[in-house]
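Summary of structural features
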Amino acid sequence: MEPFEPKIIAFVCNWCTYAGADLAGTSRLKYASNVKIIRFPCTGRIDFMLLQKAFANGADGIIVSGCHPNDCHYTSGNYHARRRWTIYKSLLDFTGIDTSRIAFTWVSAAEGSKWADLVNTTVETIRQLGPYTDMQELIGQSTHEPQ
Amino acid sequence: MARIGVFVCHCGENIAATVDCGKVALQASKLPGVAVAIDYKYMCSDPGQTKIKEAIKEHNLTGVVVSACSPRMHEGTFRKACSEAGLNAYLCEMANIREQCSWVHEKSEQTTQKAYELVRTLVEKVKLNHPLDPIKVPVNKTAVVIGGGVAGIQASLDIANAGHHVVLVEREPSIGGHMSQLSETFPTLDCSQCILTPRMVEVAQHPNITLYSYSEVEAVDGFIGNFNVTIRRKARYVDEKTCTGCGTCTTKCPTKDIPNEFEQNLTTRRAIYVPFPQAVPNKPVIDREHCRYFNTGKCKVCQAVCPIDAIHFDQEDERIQLNAGAIVLATGFDIKRTDFFPEYGYGKYPDVIDGLQFERLASASGPTQGEIRRPSDGQIPKTIVFVACSGSRDAAKGIPYCSKICCMYTAKHTMLYKHKVHDGIPYVFYMDIRAAGKNYDEFTRRAIEEDGARYIRGRVSTIFEEKGQLIVRGADTLLGGRPVEIKADMVVLATAAIANTGAATLAQTLHVSYDAYHFFSEAHPKLKPVETNTAGIFLAGACQAPKDIPESVAAASGAAAKVIGLFSNNELTRDPLVASVKRTPAPPFSTCMGCMMCVSVCPYQAIGQEEIRDRQGKVIKVIAYINPGLCQGCGTCVSVCKSKSIDLEGYSNLQLLAEVEASLHS
């Protein structure tokens, strides 16, 4: 059986993590191809709806990453994201989603290698957890082949 | 129906080595709404851009996805190309298949598949893009500088010399700030007044500068390029226009025993006074609190002696409204005063003084004409103990930060003292000597090695008086914490530099943020040191953090450069990727329920309120309104909006959801 290749979505801020991921590219660091980035201006833009939408559409894992505390391009967006994350976590827990499927972290524009490591460890974590199908089963449109 | 063009770039071998670009284009061409999909070796090259332009015209495209390098690299390039072909620039998006795909993955089927999926994601996004025009905001080319110390003076002169109108607002009767109180300045020991007063005069005479002394900024609203500022000119009771500054009134006033603030209370002044001889404007002011006429209704001696009838007891505060494009905050600092150090006897023993008082004693224009004489009996002190870090770097005192200027000015004080009292012995208790700066360390070394200042590393625990003699008790940590007792004739405390009084109130008036110590916060600690989070408001000098003169001047010129840059255009052009509250045109309808959560999270004070009225003009409800001139497009408000009534151009809810869906779709 082929190894399970998780689908992971990364919501990253334009100023730090997106630039960090670009740096990983210009540094030619190799990492797993399972993560696809969706760029937004700031982690302060993160919305629980987006996490739900991703899981409902077959994501096995999610990364949310922005600027380090105190480094936010918009001063405080990452703090809002961090506060929201504590609420999202309990909400995810309540809805029965394993919160370890979401990596919530900071990657600066200078941390290309941290981004590569983050992707690899997240892919590995999700691989261990296996496919996430609960929500899709609930809405009856699983995109995962039965194993 | 969308007609999207997809342009897949090989970037030479950079992308094509690991991604099958032809296959990506072929797959993309089958996506719904894609009218054309081609691949080419170098999309950013002239022929590459021409291909995009031709396709826009040929297929009458409604959107473009360039699948190439990072948008941080070439988004501008391709957006420009699109607009040259008649397609709105904001209908062009980039799929990053180089930095985030071809460069980080091995050549494989999955890598090509990922590139395709990235393209697919951006195709779904661009379908929901709106044509946008850059936001244009007119700029009023007047700058208001608040604070007339050296920073405010420098900023005013720089902006005025660039040809723009400056309104300088100073709270005290004269400009000059703390620098005008200083004796000599480190590390050159040149006289502070000698370098500052010509600048003060220049301010007064500059055709582009309007000086409002004895005035305060009372209210500010508006936004970058378009501030409305209300200034309150406090009544001087002296007509500034007619008064010649002859000074007769200040010598005849019968109320004499008022502590002189400029002299740090080391002498007294009258109720009608000029703060110091070099004051600008050199016009007296009546201290209403102490004036005999205002207290008893009788006196008016000054009015009687004034040869030109310039004194008007009926003068009232005047309010001035003006429009400005930019504001520079230069409100400076203050030092901690009495009752902060009961253990040092500050405020209790007259010969325990602070650094600014020592400056006045050492100043040629000071109360002792520059002779170092102690306040209690006017004797020349033979031993002075200087205590650095009096309050600074002391979390127990509530000031964990370093006041930065004290190491240097304490070294300077020891030198000034030795130069004036050759047989005097200066002791310095210090924690560390922080002398980073051009010629600074050399300066402190000179104080120790040439002028013989005796530095003791350790803190002072207590200062007390015994038989009329001050005793300073401390520890020498370089001798293992051995207790030290020094009999001193005078003690100078380098008390902590703190934010100026009223800084927090002013910050609230201007909607700029400030730290726990009421110093104003810069927009970015490294990259935006003179900007605040409020666009169009800049910081100069020690109102941001303790700073010495060179740093204050540098910051002031930096702030001035930002203002001049802002004023170099008649209109501000801003990226239109901003948030807005959804509402229909008149008659307006909005799902916004006016909870104003967005107001509290906006870092830019860009969100205000808007009243929705019915046909009779009755207010139906109050909704949020986002000022596009102030919004920076972070999107934090979008996420907190409970009724999803706010959306962000370029990163709308629908766009992000479409991207999620397209990214995962298999």
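Remember, predicted model here, so these are calculated numbers, not experimental data.

Calculation criteria
Residues numbered from 1 in each chain as written. Chains lettered and ligands numbered in written order. Predicted model: local features only at pLDDT ≥ 70, side-chain atom pairs only at ≥ 80, totals over all residues. Helix = DSSP H or I, 4+ residues; strand = E, 2+ residues; numbered from the N terminus. Rg over C-alpha atoms; globule rule 2.2 N^0.38 Å. Buried ≥ 20, exposed ≤ 12 C-beta atoms within 10 Å, placed from the backbone. Contact = placed C-beta atoms within 7 Å. Pairing = 2+ DSSP bridges. Axes fitted to C-alpha atoms, helices over the stretch in contact; angles between N-to-C directions. Parallel < 35°, antiparallel > 145°, perpendicular 65-115°, else oblique. Left-handed = near helix turned anticlockwise from the far one by under 90°. Nonpolar A, V, L, I, M, F, W, Y, C, P; charged D, E, K, R; others polar. Domains from an automatic or database assignment. Right-handed = clockwise from strand over helix to strand, strands pointing away. Expected span 1.5 Å × (residues − 1). Arc of directions from axis to C-beta. Core = buried A, V, L, I, M, F, W, Y, C linked by C-beta atoms within 7 Å.

When helices and strands are counted, chain A shows five helices and four strands. Secondary structure elements of chain A occur, N-terminal to C-terminal, as β-α-β-α-β-α-β-α-α. A compact globule built from 147 residues should have a C-alpha radius of gyration of about 15 Å, and chain A, at 15 Å, falls within 12% of that. Dimensions of chain A along its principal axes, counting C-alpha atoms only, are 45 × 35 × 20 Å. Within the span of chain A, comprising 147 residues, buried residues form 55% of the whole. Long-range pairs, those at least 24 residues apart, make up 82% of the contacts in chain A between residues at least 6 apart in sequence.

Here we come to the overall build of chain B. Of the regular secondary structure elements, chain B holds 18 helices and 34 strands. Looking at chain B residue by residue over its 666 residues, the buried ones come to 51%. Restricting to contacts in chain B with at least 6 residues of sequence separation, those with at least 24 account for 70%.

What follows covers unusual backbone geometry. Residues and elements named next belong to chain B. A cis amide bond, omega -5°, links Phe186 with the succeeding residue Pro187. Note that Pro187 resides in the loop between strand E8 (184-185) and strand E9 (190-191). Val280 connects to Pro281 through a cis peptide bond whose omega is 0°. Non-glycine residue Lys467 carries a positive phi angle of around 50°. With 5 C-beta atoms packed within 10 Å, Lys467 lands in the exposed category. One non-glycine residue, Met596, lies in the positive phi region at around 60°.

All names here are of chain B. The strand order across the open sheet built from five strands is E20-E27-E21-E22-E23, with neighbouring strands paired in parallel fashion. For this open sheet the edge positions go to strand E20 (352-354) and strand E23 (454-457), each flanked by a neighbour on one side alone. Each strand of the sheet is rotated relative to its neighbour by a mean of 25°, with strand direction disregarded. Sheet analysis places strand E21 (residues 383-390) next to strand E22 (residues 425-430), joined by five bridges and oriented parallel. For Val387, the partnering residue across the bridge sits in E22 and is Phe429. Contacts from helix H11 (residues 355-362) reach E20 and strand E27 (490-495) within the one sheet, and its direction differs from that of E20 by about 90°. Packed onto the sheet, helix H12 (residues 406-420) meets E21, E22 and E27 and runs at close to 170° relative to E21.

Let us now look at the packing of helix H2 (residues 48-56) of chain A against helix H18 (residues 653-664) of chain B. Viewed as axis vectors pointing N to C, H2 of chain A and H18 of chain B meet at an angle of 25°, and their least axial separation amounts to 9 Å. Here H18 of chain B runs roughly parallel to H2 of chain A, going by the angle between their axes. Considering how the two elements wind past one another, H2 of chain A and H18 of chain B form a crossing that is right-handed. Residue-level contacts link Leu50, Lys53 and Ala54 of chain A of H2 of chain A to Leu656, Leu657, Val660 and Leu664 of chain B of H18 of chain B. Grouping the constituent residues of the contact of H2 of chain A with H18 of chain B by class yields six nonpolar, no polar and one charged.

A few words on the sheet that holds strand E11 (residues 215-223) of chain B. Residues and elements named next belong to chain B. Strand order in the open sheet formed by three strands is E11-E12-E17, and the pairing between neighbours is antiparallel. One side of each edge strand has no neighbouring strand; the edge strands of this open sheet are E11 and strand E17 (318-324). Taken over all neighbouring pairs, the strand axes of this sheet differ in orientation by 20° on average, direction set aside. Bridge count for E11 against strand E12 (residues 226-233) is eight bridges, and the pairing is antiparallel. What sits directly across from Phe223, in E12, is Asn226.

Attention now moves to the domain arrangement of chain B. You can read the domains of chain B as domain 1 (4-127), domain 2 (142-234 + 317-332 + 500-567), domain 3 (248-305), domain 4 (334-498) and domain 5 (579-648). Look at where the C-alpha atoms of domain 1 of chain B and domain 3 of chain B centre, and you get two points 76 Å apart.

All right, on to the packing of H12 of chain B against helix H13 (residues 440-449) of chain B then. Relative orientation and spacing of two packed helices are given, respectively, by the angle between their axes and the distance between those axes. Residues and elements named next belong to chain B. In the contact formed by H12 and H13, the axes pass within 9 Å of each other and the chain directions differ by 40°. In this structure, H12 meets H13 at a crossing whose hand is left-handed. Residue-level inspection shows Cys407, Met408, Ala411, Thr414 and Met415 of H12 in contact with H13, the latter providing Tyr440, Phe443, Thr444 and Ala447. Here the contact of H12 with H13 is composed, by residue class, of seven nonpolar, two polar and no charged.

Our next topic: the pairing of strand E4 (residues 102-106) of chain A. Residue and element names in this part refer to chain A. Residue alternation in E4 divides its side chains into a buried set, Ile102, Phe104 and Trp106, and an unburied set, Ala103 and Thr105. In this structure, strand E3 (residues 61-66) lies alongside E4, joined through five bridges in parallel fashion. In the strand pairing of E4, Ile62 is matched with Ile102. Chirality of the crossover, the property in question, places the unit of E3, helix H3 (residues 77-95) and E4 among those that are right-handed.

Quick look at the environment of Asn627 of chain B now. Checked against the element boundaries, Asn627 of chain B lands in the loop between strand E33 (619-626) and helix H17 (636-640). For Asn627 of chain B, the residues in contact, after removing those within four places along its chain, are Phe223, Ala606 and Gly608 of chain B.

Opposite the 35 residues of chain A that make contact, chain B presents 35 residues. For the side of chain A that touches chain B, the secondary-structure elements that each account for two or more residues are helix H1 (17-26), strand E2 (35-40), H2 and H3 of chain A. Per-element accounting of the side of chain A that touches chain B gives the leading share, six residues, to H1 of chain A. Tallied by class, the residues present in the side of chain A that touches chain B amount to 16 nonpolar, eleven polar and eight charged.

Residue and element names in this part refer to chain B. Relative to the 20 Å expected for 14 residues at 1.5 Å per residue, helix H7 (residues 192-205) spans 20 Å between its end C-alpha atoms, a close match to the ideal helical length. Taken residue by residue, H7 has Ser192, Gln193, Leu196, Met200 and Val203 as its buried positions. The buried residues of H7 occupy one face: seen down the axis, they fall within an arc of 90°. Every exposed residue of H7 that faces more than 90 degrees away from the buried side is listed here: Cys194, Pro198 and Gln205. Those residues of H7 that are buried are in contact with helix H6 (150-161), strand E7 (165-169), E8, E9 and strand E10 (209-212).

All names here are of chain B. Membership of the largest hydrophobic core comes to 136 residues, with the highest contact counts inside it found for Ile327, Val328, Val491, Ala540 and Ala559. Ranked by residues supplied to this core, first place goes to helix H15 (residues 549-567) with nine residues. Those residues in contact with Ala540, other than ones at most four positions away along the chain, are Ala151, Gly152, Ala155, Val328, Leu329, Ala330, Val530, Ala555, Ala556 and Ala559.

For Glu2 of chain A, the position within the fold is in the segment before strand E1 (8-13). We classify Glu2 of chain A as exposed; it has 4 C-beta atoms within 10 Å.

Time to look at helix H4 (residues 112-129) of chain A. Residues and elements named next belong to chain A. For H4, which comprises 18 residues, the first-to-last C-alpha distance of 26 Å matches the rise-based estimate of 26 Å (1.5 Å per residue) to within 8%. If you check which residues of H4 are buried, you get Gly112, Trp115, Ala116, Leu118, Val119, Thr122, Val123 and Ile126. In an axial view of H4, the angular spread of the buried residues amounts to 160°, which keeps them on one side of the axis. Within H4, the exposed residues directed more than 90 degrees away from the buried face are Glu124 and Gln128. Its buried side turned inward, H4 meets E1, H1, E2, E3 and E4.

Residue and element names in this part refer to chain B. For Ser461, the location among the structural elements is in strand E24 (residues 460-466). A C-alpha to C-alpha distance of 9.8 Å links Ser461 and Pro483, two positions 22 residues apart in sequence. For Ser461, the residues in contact, after removing those within four places along its chain, are Glu343, Arg473 and Gly474.

Attention now moves to the pairing of strand E26 (residues 482-488) of chain B. Residue and element names in this part refer to chain B. Of the strand pairs in this sheet, strand E25 (residues 469-476) and E26 are connected by seven bridges, and their pairing is antiparallel. Its bridge partner being in E26, Arg473 is matched across the sheet by Glu485. Between E25 and the antiparallel strand that follows it, E26, lie five residues; Gly480 among them carries a positive phi value of about 70°.

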